[in-house]
Amino acid sequence: MDTVTSLIDTQAQEQSDAPALIYRGQIITYLQFQQRARTVAENLARLGIKQGDRVAVWLPDVPAWLEVFFACSELGAIAVAINTRFRSSEVGDILERSGAKVLILCPSFRGINFIEVLGQIDAHYLTKIESVVAYDEGDEFYKENIGNLPVCSFNALLHSAEPVSNLASADSDCIIFTTSGTTKKPKLVLHAQKGINHHAREVAGVLGLSQPKAALLQVIPFCGVYGFSHAVAALA
């Protein structure tokens, strides 16, 4: 199949115990990654995300970023990549124009307080956001509402909910990136699952990532096409 989800489904079936990701000493196998992404999909559906809806991802390079992307693909929904360096005017513009219904963010990263940045965005840019998911690697997470928006923990998205149908298809749109916006506002660039699938396999072949025990040290942000392409190629 030419879907995004098939990249993980194939690996989970053929080498379920092989490492998909190694993060801070924790090994996440392909089977575990598949299960985590499916559980995130179940809970995004519980938050009202359905086929064609957008989910904004404002996170650094953590497994959750990729889990959300694959979860959106399973739902036939679209992830919207937001650069962690963006500030209120840029984030507000992307949220409004993309029509994102859910925003998944890290409350703080490298001294940047994302909650403060969000608080500086004019309310009319956030009218389409229905809920916010706060990512945290500790036991505590940001519990306060942001304006009138409810906030839940990303960890809550990793607890099983009602199973959902896999709506992934080759022609389904799955992710939006932004251009640099050198002369005007950044353009929103939409990609379909088939294109991501084919490109990931091609990059994996060129970089030799299909060789036994090949590994990629991911230092480039997922929120840009360069880093994203490397990460998905490694998983493929």
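Just above sits the structure.
How each quantity is defined
Residues numbered from 1 in each chain as written. Predicted model: local features only at pLDDT ≥ 70, side-chain atom pairs only at ≥ 80, totals over all residues. Heavy atoms only, no water. Helix = DSSP H or I, 4+ residues; strand = E, 2+ residues; numbered from the N terminus. Buried < 20%, exposed > 50% of the residue type's maximum accessible area, 1.4 Å probe, protein only. Contact = heavy atoms within 4.5 Å. Areas by Shrake-Rupley, 256 points an atom, 1.4 Å probe, with all protein chains shown as cover. 1 Å grid on protein atoms, 1.4 Å probe; cavity = no way out; pocket = protein on both sides within 12 Å on 5 of 7 lines; lining within 4 Å. Points joined across faces, edges and corners; volume = space filled by probe spheres on them. Nonpolar A, V, L, I, M, F, W, Y, C, P; charged D, E, K, R; others polar. Axes fitted to C-alpha atoms, helices over the stretch in contact; angles between N-to-C directions. Parallel < 35°, antiparallel > 145°, perpendicular 65-115°, else oblique. Pairing = 2+ DSSP bridges. Phe/Tyr/Trp six-rings, centres within 6.5 Å; stacked < 30°, edge-to-face > 60°. Left-handed = near helix turned anticlockwise from the far one by under 90°. Expected span 1.5 Å × (residues − 1).

The next point concerns the overall build of the protein chain. Regarding its fold elements, the protein chain presents seven helices and eleven strands. Once the C-alpha set of the protein chain is aligned to its principal axes, its extents read approximately 50 × 40 × 35 Å. Relative to its full complement of 236 residues, the protein chain shows a buried share of 49%. A separation of at least 24 residues holds for 69% of the contacts in the protein chain among residues at least 6 apart in sequence. When the accessible area of the protein chain is evaluated, it comes to approximately 11,600 Å², of which 50% is carbon and sulfur surface.

Space left empty within the atom packing is revealed by a probe, the size of a water molecule, rolled over the atoms. One pass over the structure, following the stated rule, counts one cavity of 30 Å³ or more. Of the voids in this model, the largest cavity is the one considered here, and its volume is about 60 Å³. In this structure, the largest cavity is lined by Thr5, Ile8, Asp9, Phe33, Gln34, Ala37, Arg38, Phe70 and Glu74. Every element with two or more residues in the lining of the largest cavity is listed here: helix H1 (5–14), helix H2 (30–46) and helix H3 (63–75). Looking at the lining of the largest cavity residue by residue, the class counts come to four nonpolar, two polar and three charged.

Looking now at the packing of helix H6 (residues 193–207) against helix H7 (residues 225–235). Axis separation between H6 and H7 bottoms out at 8 Å; the angle between their running directions is 80 degrees. Here H6 is positioned roughly perpendicular relative to H7, judged by the angle of their axes. In this structure, H6 contributes Ile196, His199, Ala200, Val203, Ala204 and Leu207 to the contact, and H7 contributes Phe228, Ser229, His230, Val232 and Ala233. In terms of residue class, the contact of H6 with H7 is built from eight nonpolar, three polar and no charged.

Positive phi outside glycine occurs at Arg24, with the angle close to 50 degrees. In this structure, Arg24 sits in the loop between strand S1 (19–23) and strand S2 (26–29). Of the residues examined, Arg24 reaches a relative accessible area of 70% and is grouped as exposed. Its identity is not glycine, yet Lys213 carries a phi of approximately 65 degrees, on the positive side. Relative to the helices and strands, Lys213 resides in the loop between H6 and H7.

Strands sit in the order S9-S8-S5-S3-S4-S10-S11 across an open sheet of seven strands; the sheet is mixed. Because the sheet does not close on itself, it has two edges, and the strands there are strand S9 (151–153) and strand S11 (188–192). Adjacent strand axes in the sheet meet at a mean angle of 25 degrees, parallel and antiparallel pairs treated alike. Pairing analysis gives three bridges linking strand S8 (residues 131–134) to S9, with the strands arranged parallel. Its bridge partner being in S9, Val133 is matched across the sheet by Cys152. Against the sheet, helix H4 (residues 88–98) makes contact with strand S3 (54–58), strand S4 (78–81), strand S5 (102–105), strand S10 (173–178) and S11, and its axis sits at roughly 165 degrees relative to S3, the strand it touches most.

Here the focus is the packing of aromatic side chains. Scanning the entire structure with this criterion turns up eight aromatic pairs. Look at Trp58 and Phe114: their rings are 4.4 Å apart centre to centre, the planes differ by 25 degrees, and that puts the pair in the stacked class. With Trp58 in strand S3 and Phe114 in helix H5 (residues 114–119), the pair connects residues that are 56 residues apart, well separated along the chain. The buried category is assigned to Trp58, whose relative accessible area is 0%. On the accessibility criterion, Phe114 (0% relative accessible area) is buried. Counting every residue linked through ring pairs, the aromatic cluster contains Phe33, Trp65, Phe69, Phe70, Phe177, Phe222 and Phe228.

What follows covers the packing of H2 against H3. Look at H2 against H3: their axes get within 8 Å of each other, and the N-to-C directions meet at 65 degrees. Crossing of H2 over H3 shows right-handed handedness. Seen from H2, the contacting residues are Phe33, Arg36, Ala37, Arg38, Val40, Ala41, Leu44 and Ala45; seen from H3, they are Leu66, Glu67, Val68, Phe70, Ala71, Cys72, Glu74 and Leu75. For the contact of H2 with H3, the class distribution of residues is twelve nonpolar, no polar and four charged.

With that settled, consider H3. The terminal C-alpha atoms of H3, which comprises 13 residues, lie 19 Å apart, in line with the 18 Å expected from a rise of 1.5 Å per residue. Among the 13 residues that make up H3, 13 are buried, leaving the element largely enclosed by the rest of the structure. Within two residues after H3, Gly76 carries a phi angle of roughly 75 degrees, on the positive side.

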